[in-house]
Amino acid sequence: MEVAEEVPDAETPDDEEPPTYPNMDLAQTVFQLEAAAPAELDGLRAQIVEVVRADKMAPYYTYLIGKYGFAADDALLAELKAANAEELAALKAALEDAEQNHGETEVLDALFGIASFHARVGDKDEAYTAFDIIVDKPKVSTGKKIDASMAKLRVALFFMVRPSMR
């Protein structure tokens, strides 16, 4: 009896790229708020809050409240901030561990983790600072510096900060 060999499908989860942050689909939905008919606003806001809740985007939620007049849900904001503080503390602990017990590669990975966290939660200023730390760090390859610069550009595009896009 002959056993058929399984051919991996190109669409398998192993081949999926990790998500990039910030979420540009969210940026598109937020952009639609500016041109949406009044009847569409509640649906768009609900979609946006769903993504904000899923990605635990406390800084971005605060930004949306200020810029687009979202109704502030204090319980949601407190929940998001607590989750962000817990995750950031774990990332900083990983960075300290890498600095004390590991090499430059692990330190760089930890720095990218912190920068990606800030990009994911929509904290523009902290993301810029974190990516700048990577770019300014000595002994970082040109490829990693380009990765950090391109990620910083994604943050600028997400927030439509045209001067930072140059």
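Residues numbered from 1 in each chain as written. Predicted model: local features only at pLDDT ≥ 70, side-chain atom pairs only at ≥ 80, totals over all residues. Heavy atoms only, no water.

Turning next to the environment of leucine 95. Following the sequence through the fold, leucine 95 ends up in helix α4 (residues 74-101). When the C-alpha atoms of leucine 95 and isoleucine 114 are compared, they prove to be 8.5 Å apart, with 19 residues separating the residues in sequence. Contact partners of leucine 95, with chain neighbours within four places excluded, come to Val107, Ala110, Leu111 and Ile114. (Helix = DSSP H or I, 4+ residues; strand = E, 2+ residues; numbered from the N terminus. Contact = heavy atoms within 4.5 Å.)

Along its 18 residues, helix α5 (residues 104-121) runs 26 Å from first to last C-alpha, staying within 8% of the 26 Å computed at 1.5 Å per residue. Among the residues of α5, those classed as buried are Val107, Leu108, Ala110, Leu111, Phe112, Ile114, Ala115, Phe117, His118, Ala119, Arg120 and Val121. Just downstream of α5, glycine 122 is the residue with a positive phi angle, here 80°. (Expected span 1.5 Å × (residues − 1). Buried < 20%, exposed > 50% of the residue type's maximum accessible area, 1.4 Å probe, protein only.)

Our focus in this paragraph is the pattern of salt bridges. Taken as a whole and judged by the stated rule, the model has two salt bridges. Arginine 120 serves as the salt-bridge partner of glutamate 87, at 2.8 Å between the closest nitrogen and oxygen. Of this pair, glutamate 87 sits in helix α4 while arginine 120 sits in helix α5, and the two are 33 residues apart along the sequence. Here aspartate 132 ties to lysine 152 by a salt bridge, and the two come within 2.7 Å at their closest N and O atoms. Here aspartate 132, found in helix α6 (residues 124-136), pairs with lysine 152, found in helix α7 (residues 142-159); they are 20 residues apart in sequence, far enough to count as distant. (Salt bridge = Lys/Arg side-chain N within 4 Å of Asp/Glu carboxyl O.)

In this model α7 runs 26 Å from its N-terminal to its C-terminal C-alpha over 18 residues, within 8% of the 26 Å that 1.5 Å per residue would give. Here α7 has its buried residues at Ala148, Ala151, Val155, Ala156, Phe158 and Phe159. Taken end-on, α7 shows its buried residues confined to a sector of 165°, consistent with a single buried face. Elements that come into contact with the buried residues of α7 comprise α1 (24-33), α3 (58-68), α5 and α6. Looking one or two places after α7, you find methionine 160, whose phi comes out positive at around 55°. (Arc of directions from axis to C-beta.)

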